[in-house]
Every structure is written in C-alpha cells, then in structure tokens.
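Now for the letters of each chain:
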Amino acid sequence: MNRLDDLDLKLIYLLMDNARLSISELADRLGVSRPTVRTRLEKLEKDGIIEGYTIKLNPELQRAHNVIALVVRTENPEKMDEFEEIIEINRFTSTKYLIKVAVNAMEDLKRVIEGTGVEVLEIMPILESREKKLKPKIKVPFKCDYCKKEIVGEPIVYKYHNKVYFFCCPTCFREFKKARENLEKVKLSKEQKVEDAHEHEHHTHG
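One structure accompanies this document, and this report is about it.

What counts, and at which threshold
Residues numbered from 1 in each chain as written. Predicted model: local features only at pLDDT ≥ 70, side-chain atom pairs only at ≥ 80, totals over all residues. Heavy atoms only, no water. Helix = DSSP H or I, 4+ residues; strand = E, 2+ residues; numbered from the N terminus. Buried < 20%, exposed > 50% of the residue type's maximum accessible area, 1.4 Å probe, protein only. Contact = heavy atoms within 4.5 Å. Areas by Shrake-Rupley, 256 points an atom, 1.4 Å probe, with all protein chains shown as cover. Arc of directions from axis to C-beta. Axes fitted to C-alpha atoms, helices over the stretch in contact; angles between N-to-C directions. Parallel < 35°, antiparallel > 145°, perpendicular 65-115°, else oblique. Nonpolar A, V, L, I, M, F, W, Y, C, P; charged D, E, K, R; others polar.

Counting its secondary structure elements, the protein chain contains six helices and six strands. When its helices and strands are written in sequence order, the protein chain yields α-α-α-α-β-β-β-α-β-β-β-α. By the burial criterion, 27% of the 206 residues in the protein chain qualify as buried. Taking contacts inside the protein chain between residues at least 6 apart in sequence as the whole, the part at least 24 apart equals 57%. Per element, the accessible surface of the protein chain, about 14600 Å² overall, is 50% carbon and sulfur.

Right under this line is the structure:
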C-alpha cells in the first residue's frame, strides 16, 4: 500500500461525512484541481482504502417500513442487487450473507425472498437502528494546518466554510479560529466601507 498524506486523509474525512460529493465539490473544498482529486480517488480505491460509496437512507424513510435482518445463503448474490427493498448486504462467508430488507408488509418480504432465491437461515425484526460515527484509525504522518508540525496521534478535525483542517493540539485549533475570526472582521469592515462609500456617492449625486 502506498503511503497516505494529509490530502488523502482530508479526502477520506470529506467522503465519510458525505459520500455523494462530486469531484468538483471535493476539489473546491480541498483547494486542489479536479484531476488531482480524481487521481487520489483512483489511488485510494486501487489500494483498497476506499472500498465503495454508500448512500444512507433517510431515517424517516426507514421508519415508514418494517426493517428486517435476514441471515441467508445464496449461490447467486447478484440477484439481491435487483431488489430495492434490500437496503444492506453484508457477506461473511462465500455463500452466507446478513441482509437488511425494508418492506411495508410481510407479503413483500415473501416476494423478495422468492425473487432472490435465497435460503433463509434466520429472520430478525429490527426494532431500532442507531449508527455510531467512527473515526478512521489511520496512523500516517500529516501536518498541522496552523503550526505546520507533524501531527502525532489523532488530529483535531475542523470543518470551516466547507473545507477540512487538521490540528495537532487545542492551542493551534484556538489560534487558527482566532485568526479566521479576525480575517472575517477585516473583510466585513472593508465591505462596510465600500458600501458606505457607494451610499455617500449616491447621496452626493442625488
């Protein structure tokens, strides 16, 4: 596996947050070109770091159905891709799968089982679903966006104006935020002066 850098890490964090971001959006948030993002994505996929992109179902949509977990055995897993009711597929042996099916009625579940041709080993109704957000445990050297020193251990991750920043310690994070706030104040002050000048010009001509 090739060595990862801070750009790879930021790309991974953005995709974990929203896997549906386009290459243009990713390039904009990372401050790099689209070809750079495309190359990095291809490398991450080739190295097996990114194994796929998932679309999370709206929880409201899930609550509108009965969500059932099934342990099944099948020689033709491709058939399961044909049914939109199957919202999750997990393989744990060559022919054994744990799948989640969202249906309105038990007749629909029966139709899915018959249509996929799977052998059902176990059925479990899901009463509640909660997703735990996991941080990627990737130990690679990358630099703090404030002091530029190498970060040891878990970074402090900060999303600001759709961009991702990494910091080595709370002090760098605090100083970065302070510097950004000052920049915002200066920017607002300049905009106000321009507005006041236009207003004054308008009154003078009036």
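We now examine helix H2 (residues 23–30). All buried positions along H2 are accounted for by Leu 26, Ala 27 and Leu 30. For H2, the angular spread of the buried residues around the axis is 100°, confining them to a single face. Buried positions along H2 lie against helix H1 (6–17) and helix H3 (34–46). Phi for Gly 31, located one or two positions after H2, is positive at around 70°.

Close contact between H1 and H3 brings their axes to 11 Å; oriented N to C, the two are set at 85°. Regarding the angle of H1 to H3, the classification is roughly perpendicular. Packed against H1, whose contacting residues are Leu 7, Asp 8, Leu 11, Ile 12 and Leu 15, the element H3 presents Thr 36, Val 37, Arg 40, Leu 41, Lys 43 and Leu 44 at the interface. Partitioning the contact of H1 with H3 into residue classes produces seven nonpolar, one polar and three charged.

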